[in-house]
Amino acid sequence: MSALLETRNVTKAFGEFRALEGVDIAVSSGELVCVIGPNGAGKTTLVNLLTGLLQPTSGDVLFMGKSIAGMGPVKLADAGLARSFQLIAIFPRLTVQETIAAALVSRQRKRWRLFSRLTADEEIAVRARELAQIFGLDHRLETVSATLSQGEKKLLDVASAFALDPHVILLDEPTSGVSTADKRAIMDILIAAGRKAGVEAIVLVEHDMDLVAAYSTRIVALAAGKVLADLPPDRFFADAALIEAVVGKRRRH
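Attention here is on the structure that accompanies the text. (Residues numbered from 1 in each chain as written. Predicted model: local features only at pLDDT ≥ 70, side-chain atom pairs only at ≥ 80, totals over all residues. Heavy atoms only, no water.)

1. What about the pairing of strand β1 (residues 5-14)?
Spelled out, the test is: For two strands to pair, DSSP has to find at least two bridges joining them. Secondary structure elements are taken from DSSP: a helix is a run of H or I of four residues or more, a strand is a run of E of two residues or more, and numbering for both begins at the N terminus.
Pairing analysis gives seven bridges linking β1 to strand β2 (residues 17-27), with the strands arranged antiparallel. Pairing of Val10 across the sheet is with Val23, part of β2. Linkage of β1 to β2, two consecutive antiparallel strands, is achieved through a turn of two residues, within which Gly15 is found at a positive phi near 65°. Pairing between β1 and strand β4 (residues 58-63): five bridges, direction antiparallel. Opposite Thr7, over in β4, you have Val61 as the bridge partner.

2. A few points about the pattern of salt bridges
Convention followed: Take a side-chain nitrogen of Lys or Arg and a carboxyl oxygen of Asp or Glu: if they are within 4 Å of each other, that pair is a salt bridge. Accessible area is worked out with a 1.4 Å probe on protein chains only. A residue is then buried under 20% of its type maximum, exposed over 50%, and partly exposed in between.
For the structure on display, the rule yields nine salt bridges. For the salt bridge of Glu130 with Arg127, the shortest nitrogen-to-oxygen distance reads 3.3 Å. Highlighted residues: Glu130 and Arg127, both in helix α5 (residues 122-134), separated by three residues, approximately one helical turn. Given a relative accessible area of 24%, Arg127 falls into the partly exposed group. Ionic pairing is found between Glu152 and Arg140, a salt bridge with its closest N-O pair at 3.1 Å. Of this pair, Glu152 sits in helix α6 (residues 150-162) while Arg140 is found in the loop between α5 and α6, placing the two residues twelve residues apart along the sequence. Residue class for Arg140 comes out partly exposed when judged on its relative accessible area of 26%.

3. Quick word on the sheet that holds strand β5 (residues 66-67)
Taken together, the four strands give an open sheet; going across it, the order is β2-β1-β4-β5, and neighbouring strands pair in antiparallel fashion. On the outer flanks of this sheet lie β2 and β5, each paired with one strand and no other.

4. Some remarks on the nonpolar core
The test is simple: Definition of nonpolar core: a set of buried residues of the types Ala, Val, Leu, Ile, Met, Phe, Trp, Tyr and Cys, connected through side-chain atoms within 4.5 Å. Here, residues are in contact when the closest pair of their heavy atoms is within 4.5 Å.
Of all hydrophobic cores here, the largest spans 48 residues; its most connected members are Ile36, Ile100, Phe135, Phe162, Ile169, Leu190 and Phe236. With residues near it in sequence (within four places) discarded, Phe236 still touches Ile36, Ile219, Ala221, Leu231, Leu242, Ile243 and Val246.

5. Here's the deal with the side chain of Glu206
Convention followed: Only four residue types enter the tally: Lys and Arg on the positive side, Asp and Glu on the negative side; His and the chain ends are excluded. Under this definition, polar contacts are N or O atom pairs within 3.5 Å; protein pairs additionally need one hydrogen-donor-capable and one acceptor-capable atom, and for neighbouring residues in sequence, both atoms have to be side-chain atoms.
Of note, Glu206 is situated in the loop between β8 (201-205) and α8 (209-215). Buried charge Glu206 goes without a salt bridge, the closest partner of opposite sign being Lys183 at 5.2 Å. At 3.0 Å, the side chain of Glu206 forms a polar contact with the backbone nitrogen of Asp208. Beyond its immediate chain neighbours, meaning those up to four positions away, Glu206 contacts Val35, Ile36, Glu173, Pro174, Thr175, Leu211 and Val212.

6. Some thoughts on helix α7 (residues 180-197)
Selection rule: Residue count minus one, scaled by 1.5 Å, sets the expected span of a helix. The arc in question is formed by the directions pointing from the helix axis toward the C-beta atoms.
For α7, which comprises 18 residues, the first-to-last C-alpha distance of 26 Å matches the rise-based estimate of 26 Å (1.5 Å per residue) to within 8%. Those residues of α7 that fall on the buried side of the exposure criterion are Lys183, Ile186, Met187, Leu190, Ile191, Ala193 and Gly194. The arc that holds the buried residues of α7, viewed along the axis, is 160°, so those residues lie on one side. What points out from α7, more than 90 degrees from its buried face, is the exposed set Ala181, Arg195 and Lys196. Against the buried residues of α7 lie β3 (32-36), α5, α6, β7 (168-172), β8 and α8. One or two steps after α7, the chain reaches Gly198, where phi turns positive at roughly 80°.

7. Details of the pairing of β3
With five of five residues buried, β3 is to be regarded as a mostly interior element. Burial along β3 is two-sided: the residues Leu32, Cys34 and Ile36 and Val33 and Val35 are all buried. As paired elements, β3 and β8 share four bridges and run parallel to each other. Each bridged residue has a counterpart across the sheet, and for Val35 the counterpart in β8 is Val205. The pairing of β3 with strand β9 (residues 218-223) spans four bridges and is classified as parallel. When the bridges of β9 are listed, Cys34 appears paired with Ile219.

So, to be careful, I would describe these as geometric facts and stop short of saying anything about function.
This is the structure in structure tokens:
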């Protein structure tokens, strides 16, 4: 099976510091790949390379067989690779419907209308309501984003990325700051929404090992900028020494 998204011998240096070195990963259709590792492992640098915010010092990044190194998130979103927008942080006074509509406007290349009447276009309004319903936010359409609960903000953030109709979506700790009781509910909604929206693969940066064990189809573990392991979850969690090397402590069962 050919990879949808992959890095080939990617190295990223910042001056003398090598944040990533010789990284090879591949994400195929149907996968939920979790990227894990301690602070400083290179997770954020990897995501920034995958979403075109950074260009590799050497090596290449490919999406659907084409090089996307340094392409930038806007062009990549048009191509079908999306990263959660975090529009709430940018436009906290927009309502839920307006926030999703802003992403839809971007997707339909109507960017010049971004600050006009976002919901005036009935097609956009209908699609915004559909996405809100998929993410359980349909009762919050007129709610100002800044007043949502933390869990609802996370769902709205991801709903905005789903508005771009991506083939692959990258999510950077989508449950951070959310209560433990709500984390699985959010993950269940994200995965169900992905299936319904036709998303082919998800790349998830996550530090909660219980979520990683429960939802990943494959785990890529980084340490000191290198791939320490690339394994299915059962094999990864069977290796106590590997868990300790990546997480810094043994996982409790």
